[in-house]
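What follows is the residue order along each chain.
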Amino acid sequence: MNRSTSAPAVRHALLATLSLALVQVAAPWPGLQAVAHVLLVLGLAPEFRSPLMAMLWAAAAGWVLEGSLRVYPHLGGTALANMTLVLIIRWTLAQWPPRDRNPFWGRMAVFTLVHALLVHGLVRLAAGPHAWGSGALWALLCVPIWSTLVFRIHRPFRS
Amino acid sequence: MRRRPWGWNPEGRRRWAMLTLWMGHLLWILLTRSPSMHWQQVMGMLSRPSQVMASSWSHWRQSRAENARNLAEARAELQTLHWQVEGLRTAMVQDASRNAEADEAIRLLGLKKQLPLELKAARVIVNVRKAPFGGMVLDQGRDAGLVPEQGVICPEGVVGRIWSVADHQASVLPLDAYNASTAVMLGRSRATGVLQGVGPNRAEIRYVGAQEIVQPGEPVYTSGLDSVFPRGLLVGTVSAVHPRDTELRIQVALAAPLEKADLVLILPSRPLIELQPPAAPPVVVPKSKRVPK
């Protein structure tokens, strides 16, 4: 596996910033917004060196998503789900570093499903019943795209 | 010395921050019920450009879909109109012959009302007038009471006379036949003569003296002297006049369209020379104006 051990952190932070901006501006297009959100939370945020930074990016993604949707009466559920899943993904990346692309796709697909269930569960806990939408389906369909991007920028790290 | 993971060192402070962040969110969603209106307003304001763009995009798609729908409806309506026009054209073609025949019948009926004679209508079933010794064949014959030497006319003028009669058909000798002779008179000079056919739609008047003054365009009527036609039926107009020895050679353009005649009227045998005008309708006197006895 080709691991870039000297990948610039600036590029990583820039990608995360662009993803966060895309989550904000893609509010009228739920499918695109869901893909950008999943890319940031499941792909880019766990790659930060600091777990605190990873949690902050995940929380920011959750708050921006819920704030742009403007449909939930009480916010915070998505951010909590994001932070929880980021910690889990970081732990799995440390325990089982990705070596091939296709297994990584499968792992990300599983995390996408888990993320969707966790987000909807915590949003229901915070804001009550709500519409699910088709964002998770779009994120799942685009796993080969954003997972490949994440796989290319992945650097081994110790949790 | 081993560092404590939750002690007051950079690693410990980071762990405490993460725990605080996570627990803060958990307590936030469990214990508070703030609607977070301010945060949503800020986010909504930041996403306003994309919302405007999405609205424009949506309007454009709706407009395009509506235009496409209108175009499809217009095409369907145009196709329907095309079919209706085709149907009307087909019906018009089918009814053309019937309408023409109806018009001809109306004109014949008008002529029949004008002439105080017992007229019979007949249809021309064969018209081989231009063939050598050709003529016209009617669909009426001896069964309809026809006899030879009965005059045949159409609304435009005189057609000819019946030449021979079979049981169910009769042949007509048209005016332009070479062996046809008809007693005629000129409209202005009142000179009489005999009309003889010289070719398709052409005939000449014989036996008109050279002293007569005849001008082209002068109408030619039947004179009634041959006991076939009554006096005054239009035969044609003078097309040319040429002096020849002691008589004039008067060429006549026949009025009746012999090649297009379809319905004709048959005059009674040996009609009177002078036609009697139809009787005036009886005058109805209102009852209120009657003089009491």
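Residues numbered from 1 in each chain as written. Chains lettered and ligands numbered in written order. Predicted model: local features only at pLDDT ≥ 70, side-chain atom pairs only at ≥ 80, totals over all residues. Heavy atoms only, no water.

What about the pairing of strand 8 (residues 202-206) of chain B?
All names here are of chain B.
Here is step 1: Relative to strand 8, strand 7 (residues 192-199) is paired through five bridges, and the arrangement is antiparallel. Pairing of G199 across the sheet is with R202, part of strand 8.
Here is step 2: Linking two consecutive strands that pair antiparallel, namely strand 7 and strand 8, is a turn of two residues; a positive phi of about 65 degrees is found at N201 within it.
Here is step 3: Sheet topology places strand 8 next to strand 11 (residues 247-254); four bridges connect them, and they run antiparallel. Note on strand 11: the bridge partner recorded for I205 is I250. (Pairing = 2+ DSSP bridges. Helix = DSSP H or I, 4+ residues; strand = E, 2+ residues; numbered from the N terminus.)

Quick notes on the pattern of salt bridges
Residues and elements named next belong to chain B.
Here is step 1: All told, the structure shown has 14 salt bridges over all chains when counted by the stated rule.
Here is step 2: For E11, the salt bridge is made with R14, and the minimal N-O distance between the two is 2.5 Å. Residue E11 and its partner R14 are located together in helix 1 (residues 10-31), separated by three residues, close to a single helical turn.
Here is step 3: Taking the relative accessible area as the measure of exposure, E11 reaches 30% and is therefore partly exposed.
Here is step 4: A relative accessible area of 27% places R14 in the partly exposed class. (Salt bridge = Lys/Arg side-chain N within 4 Å of Asp/Glu carboxyl O. Buried < 20%, exposed > 50% of the residue type's maximum accessible area, 1.4 Å probe, protein only.)

Details of the side chain of Q150 of chain B
Residues and elements named next belong to chain B.
Here is step 1: Tracing the backbone through its elements, the reader meets Q150 in the loop between strand 2 (136-138) and strand 3 (151-154).
Here is step 2: Looking at Q150, the relative accessible area reads 4%, which means it is buried.
Here is step 3: Contact partners of Q150, with chain neighbours within four places excluded, come to G145, G160, R161, I162, V228, I266, L267, P268 and S269. (Contact = heavy atoms within 4.5 Å.)

Concerning the packing of helix 3 (residues 51-69) of chain A against helix 1 of chain B
Here is step 1: It is at 9 Å that the axes of helix 3 of chain A and helix 1 of chain B come closest, and there the two elements cross at 25 degrees. Taken as axis vectors, helix 3 of chain A and helix 1 of chain B run roughly parallel relative to one another. Handedness of the helix 3 of chain A/helix 1 of chain B crossing: left-handed. Facing helix 3 of chain A, whose interface residues are P51, L52, M55, L56, A59 and W63 of chain A, helix 1 of chain B presents R14, A17, M18, L21, W22, H25 and W28 of chain B.
Here is step 2: Here the residues of the contact of helix 3 of chain A with helix 1 of chain B are counted per class, giving 11 nonpolar, one polar and one charged. (Axes fitted to C-alpha atoms, helices over the stretch in contact; angles between N-to-C directions. Parallel < 35°, antiparallel > 145°, perpendicular 65-115°, else oblique. Left-handed = near helix turned anticlockwise from the far one by under 90°. Nonpolar A, V, L, I, M, F, W, Y, C, P; charged D, E, K, R; others polar.)

A look at the pairing of strand 9 (residues 219-222) of chain B
All names here are of chain B.
Here is step 1: Of the two faces of strand 9, the one holding V220 and T222 is buried and the one holding P219 and Y221 is not buried anywhere.
Here is step 2: Relative to strand 9, strand 6 (residues 181-186) runs antiparallel, the two sharing three bridges. Opposite L186, over in strand 9, you have V220 as the bridge partner.
Here is step 3: For strand 9 and strand 10 (residues 234-244), the ladder comprises three bridges, and the chain directions are antiparallel. Bridge assignment links V220 to a residue of strand 10, and that residue is G236.

Comments concerning the packing of aromatic side chains
Here is step 1: Under the definition given, this model contains five aromatic pairs over all chains.
Here is step 2: When the centroid spacing of 5.6 Å and the interplanar angle of 45 degrees are considered together, the rings of F104 of chain A and F151 of chain A count as tilted. With F104 of chain A in helix 5 (residues 101-127) and F151 of chain A in helix 7 (residues 143-153), the pair connects residues that are 47 residues apart, well separated along the chain. The same class applies to F104 of chain A and to F151 of chain A, which are both buried.
Here is step 3: A cation over an aromatic ring shows up here: R206 of chain B above the ring of Y207 of chain B, its NZ or CZ 5.3 Å from the ring centre. (Phe/Tyr/Trp six-rings, centres within 6.5 Å; stacked < 30°, edge-to-face > 60°. Lys NZ or Arg CZ within 6 Å of the ring centre and 35° of its normal.)

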